[in-house]
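# A structural walkthrough
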Amino acid sequence: MKLHINGESVEVPNSVDSVTELLTHFQLQDKVVIVELNKHILEKENHALTTVTDGDRIEIVHFVGGG
Amino acid sequence: MLNIGPYSFHSRLMLGTGKYPDFDIQKQAVDVSETEILTFSVRRMNIFEPSQPNFLEKIEVEKYKLLPNTAGASTAEEAVRIAKLAKASGLCDMIKVEVIGDPKTLLPDPVETLKATEELLAEGFIVLPYTSDDVLLAKRLQDLGVHAIMPGASPIGSGQGIINPLNLSFIIEQSTVPVIVDAGIGTPSDAAIAMEMGADGVLLNTAVSGAKDPVKMAQAMKLAIEAGRLGYEAGRIPKKRYATASSPMEGLSTV
């Protein structure tokens, strides 16, 4: 399926079902990341229960250096 | 002790985490600064580079209170979204509201800052707005119920020090919440002056990260802030126009 992640069109296997699986697919499961799905910010505990489907718009952000 | 919302801090230095030469130097600088509050920004991750290092992985996160900023926002709406993203990390509930109104001066947009602050307070955040040295705006922010006010000493990253000490002193005098001087600090003496004026703390980044020796500068800033605070608590002597001898005039031995 095709997802829009961080403004880019990205193809991921259809087996990726949840946000948790999506993060694992990109090897981000141990990183501090925050996910926004279709403009809805997800709490970390909801990653496993939230499904991703074709065409979803996803933002994956993290903390970087700043003042 | 510096009290911000429900939190208490021994250190009055807040340190930014941007633009260090490398993570090792940054880690050493953070350690010697003895800061308890680190600021961060929220940005898109490069999902195709999972091994990219992150400074959060280099430190014991639980030792610090994270103060994410809303840098990158130019409207209240954008700032609120960034704040909510930061909070969804589960690592923090403090937010530095930073709504930049002009790319050249990086001065904060007062109207959008006020709007974002009001909304984030209603959402239950511990809110520390970055603001200009406008005295009435500081008062309006305080009236909203902010947990600290962060007036800039001078434009972000400029290292010009405190360019409007009169306004800053008015803000400090009227404030019933902590005043953290944020942005524009260049030297340890700038930080010391802010503290001598009665500021409750100083937030700086470039003055340390951009110094020739960031670790040494981090230590210098720590000491300057401590010295400035002690000086403020001790109470300075009044300035006088003419000299007053420190040595007694009596008992002078003459031939």
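In this text, all values refer to a predicted model and were calculated from it rather than measured experimentally. (Residues numbered from 1 in each chain as written. Chains lettered and ligands numbered in written order. Predicted model: local features only at pLDDT ≥ 70, side-chain atom pairs only at ≥ 80, totals over all residues. Heavy atoms only, no water.)

### Thoughts on the packing of helix α6 (residues 188–196) of chain B against helix α8 (residues 214–234) of chain B
Residue and element names in this part refer to chain B. Remark: α6 packs on α8, axes separated minimally by 7 Å, with the N-to-C direction vectors making an angle of 25°. Put simply, α6 runs roughly parallel to α8. Crossing handedness for the pair α6 and α8: right-handed. Here P188, A191, A192, M195 and E196 of α6 lie close against α8, whose contacting residues are M217, A220, M221, A224, I225, G228, R229 and Y232. Along the lines of polarity and charge, the residues of the contact of α6 with α8 split into ten nonpolar, one polar and two charged. (Axes fitted to C-alpha atoms, helices over the stretch in contact; angles between N-to-C directions. Helix = DSSP H or I, 4+ residues; strand = E, 2+ residues; numbered from the N terminus. Parallel < 35°, antiparallel > 145°, perpendicular 65-115°, else oblique. Left-handed = near helix turned anticlockwise from the far one by under 90°. Contact = heavy atoms within 4.5 Å. Nonpolar A, V, L, I, M, F, W, Y, C, P; charged D, E, K, R; others polar.)

### Focus: the UniProt feature "active site" (unreviewed entry) in chain B
Taken from the UniProt record, the annotation "active site" (unreviewed entry) applies to K96 of chain B. Counting through the fold element by element, K96 of chain B comes out in strand β6 (residues 94–97). (UniProt positions renumbered as here; feature names shortened; annotations may be inferred.)

### So, unusual backbone geometry
Unlike most non-glycine residues, N6 of chain A shows phi in positive territory, near 50°. Locating N6 of chain A in the fold gives a position in the loop between β1 (2–5) and β2 (8–11). Phi is positive for L106 of chain B, which is not a glycine, with a value near 55°. When you line up the elements, L106 of chain B lands in the loop between β6 and α3 (110–122). For L106 of chain B, a relative accessible area of 31% gives the class partly exposed. (Buried < 20%, exposed > 50% of the residue type's maximum accessible area, 1.4 Å probe, protein only.)

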